[in-house]
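Structure at a glance
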Amino acid sequence: MDHITTARAALGPLGVYLPISFTRSDSADDQREGARRLERAGYRAAWTNEVVGGKDALVQLGVLLAATERLTFGTGIANIWAREPQTLHAGAAQLADAYPGRLVLGIGVGHAPQAAGVGREYGSPVKTLRDYLERMTAETWPPAPSATYPRILGANGPKMLALAGEAADGAYPANLPPAYTTEARKTLGADKLLVVGLTVVTEADPAAARVAAREKVSASLGLPWYGKAMERLGFDVSDQDTLADAVVAHGGPDAIAAKAQEHLAAGADHVLLMPPTTDDFLADVAELERLAPAFGTLG
């Protein structure tokens, strides 16, 4: 069984983003407890972010892999400005060797200020990431472990999707509608792994949920590429209600499950729920535990 087939089986149709913000540091004990609780709730996969200079995603996943029995973990994403490419490969291979079939490495080029923060030139995102991927497997001494793991690229546009299909094992787009998932699957082909990040609002009141979903969309439209991407997919970016309904899973558990199912029907192998975070990590985990029973029929 190849590592993509293994990853599909391990991930299952749905996973969750660990509710850790970019601006808060949660204790290792809380993270271990949270991961165990998500595993007991029936989730098969959990994903984490990375903060350049603030949190090393591979170290974090080493702690959480050791604390759990079956949960598969992914990076969403490991930022290329956090470490040299050979170091990223060696670290991921060591985790894959220690915990076979339980790691998916999502890799992304991040943003220009992150590159500048470590004294590097951002350059063309596609060229920069292509060069990084080529260097990941450059020969080193001593050599990295031989264990294999899937590499997927953060890919929110057609050029990065094409690179993911050519030079990686798949793609991880996020905050985009099912129409983009359809496009991504066509670009990647059937033999690549497609993980889709789905923004979630868990507010039960429909009116309040719609307001929160619009706020998520409005924040995304502050990124120059995002409006262009939505317009390319045929959306009117001034109609934020329609955008919110297309992009954000909002409302009760059944509504969230239905939106995840739209992406699975459009070609996703795995939908990654990206929930809101508060100042209380374990309270956010409890909210994910509450939602879990609604997801048992996805696939």
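Read on for a plain summary of the structure. Here the structure is a predicted model, which means the values were calculated and not measured.

Scanning the chain from terminus to terminus reveals 13 helices and 10 strands. For 299 residues, the compact-globule estimate of 2.2 N^0.38 gives 19 Å, and the C-alpha radius of gyration of the chain, at 18 Å, lies within 12% of that figure. Summarising its shape, the C-alpha atoms of the chain cover approximately 60 × 40 × 40 Å along the three principal directions. Contacts in the chain between residues far apart in sequence, at least 24 positions, make up 75% of those at least 6 positions apart. Of the accessible surface of the chain, which amounts to about 12,900 Å², a share of 53% is contributed by carbon and sulfur atoms.

Running from N to C, helix α2 (residues 28-41) and helix α13 (residues 281-291) point in directions that differ by 5 degrees, and their axes come no closer than 10 Å. If you check the angle between α2 and α13, you find them roughly parallel. On the side of α2, the interface is formed by Asp-30, Gln-31, Glu-33, Gly-34, Arg-37, Leu-38 and Ala-41, while α13 contributes Phe-281, Leu-282, Val-285, Ala-286, Leu-288 and Glu-289. Residues belonging to the contact of α2 with α13 are distributed by class as follows: seven nonpolar, two polar and four charged.

So, about the environment of Thr-5. Mapped onto the fold, Thr-5 is located in helix α1 (residues 3-11). By relative accessible area, which is 34% here, Thr-5 ends up partly exposed. Residues Thr-5 and Ala-144, 139 residues apart in the sequence, show an inter-C-alpha distance of 23 Å.

Taking 1.5 Å of rise per residue, 14 residues should cover 20 Å, and α2 covers 20 Å from first to last C-alpha, within 8% of that figure. All of the buried residues along α2 are Gln-31, Gly-34, Ala-35, Arg-37, Leu-38 and Glu-39. Buried positions along α2 lie against β1 (14-17), α3 (57-67), β3 (72-75) and α13. Following α2 by one or two positions, Gly-42 adopts a phi angle in the positive range, close to 110 degrees.

Let us now look at the pairing of β3. The side-chain alternation of β3 yields two buried faces, one formed by Thr-72 and Gly-74 and the other by Phe-73 and Thr-75. For the handedness criterion, the β-α-β arrangement of strand β2 (residues 45-48), α3 and β3 is classed as right-handed. The pairing of β3 with strand β5 (residues 103-108) spans two bridges and is parallel. Among the inter-strand pairings, Gly-74 is bridged to a residue of β5, identified as Val-104.

Our next topic: the pattern of salt bridges. Applying the stated criterion across every chain yields a total of 18 salt bridges. With its nearest N and O atoms 3.3 Å apart, the salt bridge here joins Glu-69 to Arg-70. For the pair Glu-69 and Arg-70, one class covers both residues: exposed.

This model, assessed by the stated rule, comprises four aromatic pairs. Judged by centre distance (6.4 Å) and plane angle (50 degrees), the ring pair of Tyr-43 and Phe-295 falls under tilted. Taken together, the residues span a long stretch of sequence, with Tyr-43 in the loop between α2 and β2 and Phe-295 in the segment after α13 at a distance of 252 residues. Of the two residues, Tyr-43 and Phe-295, neither departs from the other in class, the shared state being buried.

Below, the discussion takes up the packing of α2 against α3. The interhelical angle for the contact between α2 and α3, taken along N-to-C directions, is 50 degrees, at an axis separation of 9 Å. In this view, α2 runs oblique relative to α3, as classed from their interaxial angle. Classified by chirality, the crossing of α3 by α2 is right-handed. Contacts between α2 and α3 involve Gln-31, Arg-32, Ala-35 and Arg-36 from the former and Gln-60, Val-63, Leu-64 and Ala-67 from the latter. For the contact of α2 with α3, the residue count by class is four nonpolar, two polar and two charged.

Parameters and conventions
- Numbering of residues starts from 1 in each chain and follows the order in which that chain's sequence is written.
- Where totals are concerned, whole chains, interfaces and linings use all residues; where local detail is concerned, this predicted model gives features only for residues with pLDDT of at least 70, and gives and counts side-chain atom pairs only at 80 or more.
- To obtain the side-chain values, all non-hydrogen atoms of the structure were used and water was disregarded.
- Each helix is a run of H or I in the DSSP string that is no shorter than four residues. Each strand is a run of E no shorter than two, and both are numbered from the N terminus.
- We compute the radius of gyration over the C-alpha atoms and compare it with the globule rule, which gives 2.2 Å times the number of residues raised to the power 0.38.
- The contact criterion used is simple: two residues touch if any of their non-hydrogen atoms lie within 4.5 Å.
- Note that accessible areas follow from Shrake-Rupley with a 1.4 Å probe, and for residues the cover is restricted to the protein chains shown.
- Here an angle of 0 to 180 degrees is reported between the N-to-C directions of two axes, which are lines fitted to C-alpha atoms, with helices fitted over the stretch in contact.
- Just so you know how the angles are binned, under 35 degrees is roughly parallel, over 145 roughly antiparallel, 65 to 115 roughly perpendicular, and the rest oblique.
- Each residue gets one of three labels, nonpolar for Ala, Val, Leu, Ile, Met, Phe, Trp, Tyr, Cys and Pro, charged for Asp, Glu, Lys and Arg, and polar for the others, Gly among them.
- Throughout this description, buried means an accessible area under 20% of the type-specific maximum (1.4 Å probe, protein chains only), exposed means over 50%, and partly exposed covers the range between.
- One less than the number of residues in a helix, times 1.5 Å, gives the span that helix is expected to have.
- Seen with its strands pointing away from the viewer, a crossover is right-handed when the path leading from the first strand over the helix to the second is clockwise.
- Criterion used throughout: strands pair if DSSP finds at least two bridges between them.
- Salt bridges are identified by distance alone: a Lys or Arg side-chain nitrogen within 4 Å of an Asp or Glu carboxyl oxygen.
- Any Phe, Tyr or Trp ring, taking Trp's six-membered ring, that has another such ring centre within 6.5 Å forms a pair; planes under 30 degrees apart are called stacked, those over 60 apart edge-to-face, and the others tilted.
- Rotating anticlockwise by less than a right angle from the far helix to the near helix defines a left-handed crossing, while the corresponding clockwise rotation defines a right-handed one.

What is shown is where atoms sit, not what they do.
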